[in-house]
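# Observations on the three-dimensional arrangement
The residues making up each chain are set out below.
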Amino acid sequence: MNPSPRNGTSRRRILVADDEPHIRRVLETLLEASGFEAETVCDGAEALDRLRDPERVYALVLTDLMMPERSGLEVLEGIGRMEHRRGLPVVVLTAKGQDADRERALALGASDFLTKPFSPKKLLGRILEILDGAD
Ligand SMILES: [Mg+2]
């Protein structure tokens, strides 16, 4: 079985990767209040583990750049090598002053890039725009 990220009952599940517990909590609360199902992980290696499993269905990935084990850039690279994640949108969140990483993230296929502290309303708007565009 090779489920497409756009099919099935979990098309609104979002994988959230950030090493800061309070950011994970903020994102989880925001996403779940907006009708999404948030699955949170605290580093890039765990994000890649979840993404490698073809049984797990995600509509989108929201990832921090600076994380232990594997960075957000490594998550993007990994997704690029996963046949079953083709077309999966990835939104990158990061701290200010990482313009070189921003270029690299966009080159690796990030759908969008937001700088922390982010506006929850703006973030949600971008996510909805990306998911509506994917229909
Ligand atoms: Mg971080």
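See the structure above.
Conventions adopted
- Each residue is numbered by its place in its chain's sequence as written, counting from 1.
- The model is predicted, so local features are restricted to residues of pLDDT at least 70 and side-chain atom pairs to those at 80 or more, both for listing and for counting; the totals for chains, interfaces and linings are taken over all residues.
- Counts of 20 or more other C-beta atoms within 10 Å of a residue's own C-beta define buried residues, counts of 12 or fewer define exposed ones, and intermediate counts define partly exposed ones; C-beta atoms are placed from the backbone.
- Only runs of H or I of at least four residues qualify as helices and only runs of E of at least two qualify as strands under DSSP, and these elements are numbered from the N terminus.
- Any two strands are treated as partners once DSSP identifies two or more bridges connecting them.
- A clockwise path from the first strand over the helix to the second, with the strands pointing away from the viewer, defines a right-handed crossover.
- One nonpolar core equals one set of buried Ala, Val, Leu, Ile, Met, Phe, Trp, Tyr and Cys residues connected by C-beta atoms within 7 Å.
- By the convention adopted here, residues make contact when the C-beta atoms placed from their backbones lie within 7 Å.
- For helices, the fitted axis covers only the stretch in contact; all axes are lines through C-alpha atoms, and the angles between them, taken along N-to-C directions, range from 0 to 180 degrees.

## Here we look at the pairing of strand β4 (residues 90-94)
- Burial within β4 is extensive, with five of its five residues counted as buried.
- Because side chains alternate across β4, one face comprises the buried residues V90, V92 and T94, and the other comprises V91 and L93, equally buried.
- With four bridges connecting them, strand β3 (residues 60-64) and β4 associate as parallel partners. Residue pairing in the sheet places T63 in a bridge with V92 of β4.
- In terms of handedness, the path from β3 via helix α3 (residues 72-80) over to β4 forms a crossover that is right-handed.
- As paired elements, β4 and strand β5 (residues 112-115) share four bridges and run parallel to each other. Looking at β5, one finds that V91 is bridged to D112.
- Between the parallel pair β4 and β5, the chain is carried across by helix α4 (residues 99-107), and the sense of this crossover is right-handed.

## Observations concerning the nonpolar core
- I14, L15, L60, L62 and V90 are the most contacted members of the largest nonpolar core, which totals 31 residues.
- Those elements that provide at least two residues to this core are β1 (13-17), α1 (21-33), α2 (44-52), β3, α3, β4 and α5 (120-133).
- When near neighbours in sequence (up to four residues on either side) are disregarded, I14 contacts L31, F36, A38, Y58, A59, L60 and L62.

## Comments concerning the sheet that holds β1
- Spatial strand order, β2-β1-β3-β4-β5: five strands in an open sheet with parallel pairing. The sheet is open, and its two borders are formed by β2 (37-41) and β5, each paired with just one other strand. Going from strand to strand, the sheet's axes swing by 20° on average, the running direction of each strand aside.
- Alignment of β1 against β2, held across five bridges, turns out to be parallel. Looking at the pairing, L15 lines up with E39 of β2.
- Across the sheet, α1 touches β1, β2 and β3, and the angle it forms with β2 is around 165°.
- Contacts from α2 reach β1, β2 and β3, with the element oriented near 155° to β1.

Keep in mind these values describe shape, not function.
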